[in-house]
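Fold and geometry: a report
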Amino acid sequence: MYSKQLLNMEESITLAITAKAKELKAQGKDVLSFSAGEPDFDTPKKVKDAAIKAINDGCSKYTPVAGTNEVLKAVCYKLKQDNNLDYSINEVITGTGAKQNLFNTISALINKDDEVLILAPYWVSYPEIAKYIGAKVKYVYPSNGLKVSASDIQKELSSKTKLLILNNPNNPSGEVYTKDELTQIAKILEGTNVFVISDEMYEKLIYDEEFCAFASLSEDALKRTITINGLSKCAAMPGWRFGYSASKNAKLNKLMKNLQGQCTSNICSITQAAAIPALMGEIDEDIFKMKEEFKKRRDYAFKAINEIKGLAIHSLPKGAFYLFVDCSKISNDDVLFCEKLLEEKLVACVPGSGFGMKGYFRMSYATNMQNIQEGIARIKEFCESN
Ligand SMILES: Cc1ncc(COP(=O)(O)O)c(C=O)c1O
């Protein structure tokens, strides 16, 4: 009766847990939520001011599907300034959150049964979008630690591989791929027809490592890469819904614009205006302050979690705002572990199986230090009694 493809689509586990935690909170329960994938900081003032100005200036009409010339120029400026990448305004497309750009890109590339390689641990939506579009999803697991190596990928590559999805810095692990590691991955793709989606949403939330954009590695990488980025995480603008894609492939860009034009048209006109100062480097100071705060929390939480018997974070996460905690010594059933933790201690974390890794859970530190301290104390009590 209903679409089989949609019946097979999983609900986003992160959104489901966040909703459950909010529901318990609304019932008056003292819930501490570490499930959210959004910064707890408010949007920087310069962004808000630009939005208010756009509203007062009557920016209320449809814009071109990909975005106004002004916002597209700002995206190109950002890519040049931060990543030394030259794109023209015809090669970038804004989306209603990076999620839409991902959906557009996968839709424009994939035919039924094309193989998509997804590097684990992965962000929850990649497999669901790819499967919905008809792809055969193959996961690549790291043979060592939480980062997939070039040789791990090489083993899974086949003549049917159409696309590889890479997320750097990584959600859920917080791991950052170094330039050297990315170069090795780029090398094994040379001579193949494999496209790469490089999801760089957490680019600016890096604490101890230099960020390297996949497309900037070589001419070959530039040609095969569709860079996905946005402002939800780094500019504390999740509700504004601003994402973008950048690609040198004119045909692909055209197909993505056609799809967006038939589905949603342009993204919110006010959001486009608001994004400009964020893309032009005018909120760098705000980002720096958020980063400093995230780093303090990460350092505290990393140490405190590692002191809990039975839990381990194997290496210090260098980016994003997540800790990916190994709880396999206590329970391999991470779904049950997180359910019980929420029921018994009112602490919400996301089971690792949603990200392709059983025996782990993801804890977001995008919440204040007091909550982190109290939450970890409750997790400790929970682990001691289980
Ligand atoms: C790795 C990654 N990519 C993309 C997104 C989508 O971001 P948005 O649609 O808010 O721009 C998220 C959000 O959680 C994410 O974690």
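As the structure is a prediction and not an experimental result, all values here were calculated from the model.

Scoring rules and cut-offs
Residue positions are given per chain, counting from 1 as you read along its sequence in written order. Per-residue local features are limited, in this predicted model, to residues with pLDDT of at least 70; the limit for side-chain atom pairs, both in listing and counting, is 80 or more; totals at the level of whole chains, interfaces and linings are taken over all residues. Excluded from the side-chain calculations are hydrogens and water; all other atoms, namely the structure's heavy atoms, are used. Pairing between two strands is assigned when DSSP locates at least 2 bridges connecting them. Put simply, DSSP H or I for four residues or longer makes a helix, DSSP E for two residues or longer makes a strand, and each gets a number counted from the N terminus. Whether two residues are in contact is decided by their heavy atoms: any pair within 4.5 Å suffices. Axes here refer to lines fitted to C-alpha atoms; in helices the fit is confined to the stretch in contact. Angles between the N-to-C directions go from 0 to 180 degrees. Cavities and pockets are found on a 1 Å grid laid over the protein atoms alone: a cavity is a set of points where a 1.4 Å probe fits but cannot escape, a pocket is an open set with protein on both sides within 12 Å along at least five of seven lines, and a lining residue has an atom within 4 Å of such a point. Grid points are joined across faces, edges and corners, and a volume is the space filled by probe spheres set on the points. All residues other than Ala, Val, Leu, Ile, Met, Phe, Trp, Tyr, Cys, Pro, Asp, Glu, Lys and Arg, Gly among them, are scored as polar; the first ten of these are nonpolar and the last four charged. Relative accessibility thresholds used throughout: buried, under 20% of the residue-type maximum; exposed, over 50%; partly exposed, between the two (1.4 Å probe, protein chains only). One heavy atom within 4 Å of a molecule or strand makes the whole residue count as near it. Definition of a polar contact: a pair of N or O atoms within 3.5 Å, with one able to donate and the other able to accept a hydrogen when the atoms are protein atoms, and with sequence-neighbouring residues admitted only if both atoms are side-chain atoms. Under the convention used here, a 1.4 Å probe and the Shrake-Rupley method define accessible areas, while residue burial counts only the protein chains that appear. The term salt bridge refers to a pairing of a side-chain nitrogen on Lys or Arg with a carboxyl oxygen on Asp or Glu at a separation within 4 Å. UniProt positions are given in the numbering used here, feature names are shortened, and annotations may be inferred rather than shown by experiment. For a helix, the expected span equals 1.5 Å multiplied by the residue count minus one. Pairing of aromatic rings covers Phe, Tyr and Trp, the last through its six-membered ring, and needs centres within 6.5 Å; plane angles under 30 degrees mean stacked, over 60 mean edge-to-face, and all others mean tilted.

The strand order across the open sheet formed by 3 strands is β9-β12-β11, and the pairing between neighbours is antiparallel. Pairing within the sheet leaves two strands with one partner each, and these edge strands are β9 (322-326) and β11 (350-351). Bridge count between β9 and strand β12 (residues 360-364): 5 bridges; the pairing is antiparallel. The residue bridging F324 from the neighbouring strand is R362, located in β12. Where helix α12 (residues 284-306) meets the sheet, it contacts β9 and β12, and its direction lies at approximately 5° from that of β9.

Attention now goes to empty space enclosed by the protein. Considering all chains together, one arrives at 2 cavities of 30 Å³ or more under this definition. One number sums up the size of the largest cavity: a volume of about 100 Å³. The wall of the largest cavity is formed by K78, E203, K204, N229, G230, L231, C234, A235, Y244, A278, L279 and I287. For the lining of the largest cavity, the elements supplying multiple residues, two or more each, are β7 (225-230) and α11 (269-279). Its residues placed into classes, the lining of the largest cavity shows 7 nonpolar, 2 polar and 3 charged. Considered as a void within the structure, the second largest cavity measures approximately 50 Å³ in volume. Of the residues belonging to the lining of the second largest cavity, the class tally is 6 nonpolar, 3 polar and no charged.

As a further point, take unusual backbone geometry. Looking along the chain, the bond that leaves A120 and enters P121 is cis, with omega of -5°. Mapped onto the elements, P121 comes out in the loop between β3 (115-119) and α6 (125-132). For the peptide bond that leads from N171 to P172, omega is 25°, which places it in the cis range. Counting through the fold element by element, P172 comes out in the loop between β5 (161-167) and α8 (179-189). Its identity is not glycine, yet A236 carries a phi of approximately 50°, on the positive side. By the element assignment, A236 lies in the loop between β7 and β8 (243-246). Classification of A236 by relative accessible area gives buried; the value is 2%. Notably, L346 is not glycine yet its phi reads approximately 55°, a positive angle. Residue position: L346 is located in the loop between α13 (334-345) and β10 (347-348).

Every one of the 13 residues lining the ligand counts as a neighbour, but A98, D199, S232, K233 and R241 are closest to it. At 3.1 Å, a backbone N or O of K99 approaches an oxygen atom of the ligand. One of the side-chain nitrogen or oxygen atoms of W123 is found 3.4 Å away from an oxygen atom of the ligand. Its free accessible area being 400 Å², the ligand has 92% of it covered by the protein chains.

Further remarks concern the pattern of salt bridges. A full pass over the atoms with the stated rule returns 25 salt bridges. Its salt-bridge partner being K138, residue E115 comes within 3.4 Å of it at the nearest N-O pair. One end of the pair, E115, is in strand β3; the other, K138, is in strand β4 (residues 136-140), and 23 residues separate them in sequence. Looking at E115, the relative accessible area reads 10%, which means it is buried. For K138, a relative accessible area of 25% gives the class partly exposed. Between D220 and R224 there is a salt bridge, with the nearest N and O atoms lying 2.9 Å from each other. One end of the pair is D220 and the other is R224, both in helix α9 (residues 219-224) and 4 residues apart, which spans about a single turn.

For the rest of this paragraph, the subject is the sheet that holds β8. Strand order in the open sheet formed by 7 strands is β2-β8-β7-β6-β5-β3-β4, and the pairing between neighbours is mixed. Every interior strand has two partners, whereas the edge strands, β2 (92-95) and β4, have only one. Across the sheet, the axes of successive neighbouring strands diverge by a mean angle of 20°, strand direction being ignored. Here 5 bridges tie β5 to strand β6 (residues 195-199), and the two strands are oriented parallel to one another. Looking across to β6, one finds that L164 is bridged to V196.

Burial along β2 is two-sided: the residues V92 and T94 and I93 and G95 are all buried. Here 4 bridges tie β2 to β8, and the two strands are oriented antiparallel to one another. Its bridge partner being in β8, V92 is matched across the sheet by A246.

So, on to the UniProt feature "domain: Aminotransferase class I/classII large" (unreviewed entry) in the chain. Per the UniProt entry, the sites bearing "domain: Aminotransferase class I/classII large" (unreviewed entry) are residues 29-379 in this numbering. Structurally, residues 29-379 comprises 40% helix and 15% strand, and the distance from its first C-alpha atom to its last is 17 Å.

Turning our eyes to something else, we now look at helix α4 (residues 69-83). End to end, α4 covers 21 Å across 15 residues, agreeing with the expected 21 Å (1.5 Å per residue, within 8%). Here the buried face of α4 lies against β2, β7, β8 and α11. One or two steps after α4, the chain reaches N84, where phi turns positive at roughly 55°.

Here the focus is the packing of aromatic side chains. Evaluated as defined, the whole model comprises 15 aromatic pairs. Between Y139 and Y141, the ring centres sit 6.3 Å apart and the planes meet at 50°, which makes this aromatic pair tilted. Under the relative-accessibility criterion, Y139 is labelled partly exposed at 25%. Look at Y202 and Y322: their rings are 5.7 Å apart centre to centre, the planes differ by 70°, and that puts the pair in the edge-to-face class. Of this pair, Y202 sits in the loop between β6 and α9 while Y322 sits in strand β9, and the two are 120 residues apart along the sequence. According to the relative accessible area criterion, Y202 is buried, its value standing at 3%. Grouping aromatic residues by their ring pairs yields a cluster made of F41, Y202, F294, F321, Y322 and Y365.

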